[in-house]
Amino acid sequence: MKKAFIIAEVAQAHEGSLGIAHSYIDALAETGVDAVKFQTHIAEAESSSFEQFRVKFSYEDNTRYDYWKRMEFSPAQWAELKKHCDEAGVEFISSPFSCEAVDLLEDIGVKRYKVGSGEITNHLLLDKLGRIGKPVILSSGMSDYAELGDALAFMEGFGTEVSLLQCTTAYPTLPAQWGLTEIPKLRERFQIPVGYSDHSGRIESSVAAFTLGASILEFHAVFDKRMFGPDAKASLEIDQVAELVSSVRNLEEAFASSHSKDDVAGFAPLKTMFGKSLAVNKDLPVGHRVTVADLESKKPGDRGISARLFQTVLGKELKRAKTKWDFLEESDF
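None of the values given here were measured: they were computed from a predicted structure.

### What about the UniProt feature "domain: AFP-like" (unreviewed entry) in the protein chain?
Here, the residues flagged by UniProt with the feature "domain: AFP-like" (unreviewed entry) are residues 277-333. Split by type, residues 277-333 is 0% helix and 14% strand. Its first and last C-alpha atoms lie 16 Å apart.

Next comes the structure, spelled out in C-alpha cells:
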C-alpha cells in the first residue's frame, strides 16, 4: 500500500509575520507531516480594488487587496522558508495565485504545485504550470464535474502528472458537507490519484478519507483555533495534526499487514489460559446422572473435558464421587 502524502497548510495563519511562518515549519515538522504548504500572494499581480472579502474578518485591512499585500514575503524570504523546510525534513509547497507567483516559486525550486479550487478555470495559470512540467495537485472545491474535466483535459495536453483533491469550500465544513463519498467517484471517473482537502477542523474527516482511498491529505493548521484570521476555525491545531498523522500511519500499517483467521496457532497458549473446562458446581455422589444444572465452566481450558463439549456428559452416570468445583474427566464416567 502506497504511503499517503500528508500536507499541513499554513496558508495565511502566519498573518504576514515571517517569524511566525518559520515557527509553523518547526512545529509541523515535529508532527510527522510530509509537507508544509503556504500560499504565495502577490497583491498587484493577483488582486484589484474590485475584490470583495470572502468573510469580513480583518480589523486592520480596509480591502482584500490590503490583506494580500500584508501577506506578502519577498523572494529572499520565500527562499529562506523553503530552505528551512528542507532542513526540517519536510517538503515546501506553496499555492501560486498569479503567474508572477509561479515565477517566484520556480526561482526557489519547488518540486510540485498545488492549485486552489478558485483557479481551476484559470487556464492562463494552468498553461504556465503545464509548460513547466512539474506535478500539479488540483483542488475541486468550487468546481463541478464539467469544469474539472475541462481543466484535466487541458493539463493532459502537456503530459503533466496531475492529482485531484475532493474539497468543499466552506469554513469550517460541516460533516454533511465533507463529500467523502465523492472520493471513489472521482477516482473512477478520472482515473488519477485522488486526495482530500479538509476545512472541517477535525481529524476524523481526513482519517475517513484515507480509508476511502485518498492518497493525499491536506488540511489547514494553526497554533490555536481562537487566533485571528479567516481560516483559524477551520484548521487543526498542532496536537491534532500529530494525532491525525499517527492515525493514518497506523492505518497504513494495519492495511498492509496480513491477518488471517485461518492461522491462530500463535494464540494456543492464550486459548488455554482463557479457555474453560467443565467442573461441577456441587458435591455429586457415585451413580449421579449429570444434568446441565450440575455444571460450571472454569479456567484453564486444558483440565479435562472442554466446556465446548458439555452436551456429551449430560445423562452420563458418575463412577466416582465429585467434590464441588472439581473438574470433570472422561475417566469419571
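### Quick look at the nonpolar core
The biggest cluster of nonpolar side chains holds 62 residues, and the ones touching the most others in it are Leu28, Val33, Val36, Phe92 and Leu138. Counting 9 residues, the second largest nonpolar core, distinct from the first, contains Val280, Val290, Leu295 and Leu318.

### Topic: unusual backbone geometry
Residues Tyr171 and Pro172 are joined by a peptide bond in cis, for which omega reads -5°. The omega torsion across Lys299 and Pro300 is 0°, close enough to zero to call that bond cis. Locating Pro300 in the fold gives a position in the segment after β11 (295-298). Located in the positive-phi region is Ala11, a residue other than glycine, with phi close to 55°. Overall, Ala11 belongs to the buried group, its relative accessible area being 0%.

### Regarding the pattern of salt bridges
Within this structure, the stated rule accounts for 20 salt bridges. Of the charged contacts in the structure, one is a salt bridge between Glu218 and Lys114, with a shortest N-O distance of 2.8 Å. Separated by 104 residues along the polypeptide, Glu218 in strand β8 (residues 216-222) and Lys114 in strand β4 (residues 113-115) bring together distant segments of the chain. The exposure class of Lys114 is buried, given its relative accessible area of 5%. Between Arg289 and Glu317 there is a salt bridge, and its shortest N-O distance comes to 3.2 Å. Of the two residues, Arg289 sits in the loop between β10 (277-280) and β11 while Glu317 sits in the segment after β11, which places them 28 residues apart along the sequence.

Each value, and the rule that gives it
- Each residue is numbered by its place in its chain's sequence as written, counting from 1.
- Where totals are concerned, whole chains, interfaces and linings use all residues; where local detail is concerned, this predicted model gives features only for residues with pLDDT of at least 70, and gives and counts side-chain atom pairs only at 80 or more.
- Remark: hydrogens and water are excluded; side-chain values derive from all non-hydrogen atoms of the structure.
- UniProt positions are given in the numbering used here, feature names are shortened, and annotations may be inferred rather than shown by experiment.
- Numbering of helices and strands runs from the N terminus, with a helix taken as a DSSP run of H or I at least four residues long and a strand as a DSSP run of E at least two residues long.
- In plain words, nonpolar cores are sets of buried Ala, Val, Leu, Ile, Met, Phe, Trp, Tyr and Cys residues tied together by side-chain atoms within 4.5 Å.
- Relative accessibility thresholds used throughout: buried, under 20% of the residue-type maximum; exposed, over 50%; partly exposed, between the two (1.4 Å probe, protein chains only).
- Take a side-chain nitrogen of Lys or Arg and a carboxyl oxygen of Asp or Glu: if they are within 4 Å of each other, that pair is a salt bridge.

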